[in-house]
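Chain and residue survey
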Amino acid sequence: MTKTVLVLVLALASAACMGGGGRRPSVSASQPPPLSPVEAALLGQWELVGIEAQGRPLQGSGRLSYDQFNNIAVHAELAPGEAGVTPPRVVLLDFAAKAAVSGPDELTYMGLERRAPADQMVPQASEPSAWRHFAIEGDTLRVWQENPNGQAAGVMTFRRVR
């Protein structure tokens, strides 16, 4: 009986080793989901060309990027000479997230992550998720936040760089 069991085990082991002669499953690189026309218009790298707060223009610099996987990253700094700015506290906005277009001019952020340390943020910096309204005209992107009355309280204007 032991010989029979041994022969059976060897036969099963041999069959298992030889049975994998089929094709290996193909693995392809992850493909991005299809973009809506609005998402396609957002796609790319954008340079900050203007900041406005409470109707007053401010000097600053920054960038926004949006990729085919719906990742968005925004960084905006005020110029050190602006009123209320005391270096190193110059960062107005700095975050990364997944962004979903939830309306014709509105983004919803998921997994929002603040990136600048608190000691670099300007005291008047607002919540990153508040910057969810946008409009695209050609190579110009405006992003804004609204006050409780639905009026733009702060506006950042970007120009497409690629």
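Computed from a predicted structure; not experimentally measured.

**Here's the deal with the overall build of the chain**
Summing up its helical and strand segments, the chain has two helices and nine strands in all. For the chain, the α and β elements follow one another from N to C terminus as α-α-β-β-β-β-β-β-β-β-β. Going through the 162 residues of the chain one by one, you find that 30% of them count as buried. When contacts within the chain are restricted to residue pairs at least 6 apart in sequence, those whose partners lie at least 24 apart make up 47%. Total accessible area computed for the chain in this model is approximately 10,200 Å², and 57% of it derives from carbon and sulfur atoms.

**Looking at the nonpolar core**
Leu64, Ile72, Val74, Leu141, Met156 and Phe158 are the most contacted members of the largest nonpolar core, which has 30 residues in total. Counting residues per element, the ones that place at least two in this core are β1 (44-53), β3 (60-66), β4 (71-78), β5 (91-103), β6 (106-114), β8 (140-146) and β9 (152-160). It is β5 that provides the largest number of residues to this core, a total of six residues. Apart from the residues lying within four places of it in its own chain, the contact partners of Met156 are Leu48, Gly50, Ile51, Val74, Ala76, Leu93, Trp131, Leu141, Arg142 and Val143.

**Focus on the pattern of salt bridges**
Under the defined criterion, the tally for this structure stands at six salt bridges. Taking the shortest distance from any N to any O, the salt bridge between Arg132 and Glu106 comes out at 3.2 Å. Remark: Glu106 occurs in strand β6 and Arg132 occurs in the loop between β6 and β7 (133-137); sequence separation between them is 26 residues. Ionic pairing is found between Arg114 and Glu127, a salt bridge with its closest N-O pair at 2.5 Å. Residue Arg114 is located in strand β6, and its partner Glu127 is located in the loop between β6 and β7; the two are separated by 13 residues in the primary sequence. The class for Arg114 is exposed, based on a relative accessible area of 52%.

**What to know about the packing of aromatic side chains**
Considering all chains together, one arrives at one aromatic pair under this definition. With a centroid separation of 5.1 Å and an interplanar angle of 70 degrees, the aromatic rings of Phe95 and Tyr109 are classed as edge-to-face. Here Phe95, found in strand β5, pairs with Tyr109, found in strand β6; they are 14 residues apart in sequence, far enough to count as distant. As far as burial versus exposure is concerned, Phe95 and Tyr109 are alike and both buried.

**Let's talk about the side chain of Gln145**
Structurally, Gln145 is set in strand β8. Residue Gln145 is classed as buried on the basis of its relative accessible area, which comes to 13%. Polar contacts involving the side chain of Gln145 include one to the side chain of Ser126, which spans 2.9 Å. Among all residues touching Gln145, those that are not within four sequence positions of it are Ser126, Ala130, Trp131, Gln151, Ala152, Ala153 and Gly154.

**Details of unusual backbone geometry**
With an omega of 10 degrees, the peptide bond between Pro87 and Pro88 qualifies as cis. Turning to its location among the elements, Pro88 is positioned in the loop between β4 and β5. Here the phi dihedral of Asn70 falls at roughly 70 degrees; this positive angle occurs in a residue that is not glycine. Mapped onto the secondary structure, Asn70 falls in the loop between β3 and β4. For Asn70, a relative accessible area of 13% gives the class buried.

Cut-offs and rules
In every chain, residue numbers begin from 1 and rise along the written sequence. The predicted nature of this model means local features are confined to residues of pLDDT at least 70 and side-chain atom pairs, given and counted, to a pLDDT of 80 or more, with totals for whole chains, interfaces and linings taken over all residues. With hydrogens and water stripped out, all remaining heavy atoms of the structure feed into the side-chain values. Numbering of helices and strands starts at the N terminus; helices are DSSP runs of H or I of at least 4 residues and strands are runs of E of at least 2. Burial classes follow relative accessibility: with a 1.4 Å probe on protein chains only, a residue under 20% of its type's maximum area counts as buried, one over 50% as exposed, and anything between as partly exposed. Residue contacts are counted whenever heavy atoms from the two residues lie within 4.5 Å of one another. Note on areas: Shrake-Rupley with a 1.4 Å probe; residue coverage comes only from the protein chains shown. In this text, buried Ala, Val, Leu, Ile, Met, Phe, Trp, Tyr and Cys residues form a nonpolar core when linked through side-chain atoms within 4.5 Å. Any carboxyl oxygen of Asp or Glu that lies within 4 Å of a side-chain nitrogen of Lys or Arg is treated as forming a salt bridge with it. Note on aromatic pairs: the rings of Phe, Tyr and Trp (six-membered ring only in Trp) are paired at centre separations within 6.5 Å, and the planes decide the class, stacked below 30 degrees, edge-to-face beyond 60, tilted for the rest. Within 3.5 Å is the distance limit for a polar contact, defined as a pair of N or O atoms, with the added protein rule that one can donate a hydrogen and the other accept it, and that residues adjacent in sequence qualify only through two side-chain atoms.

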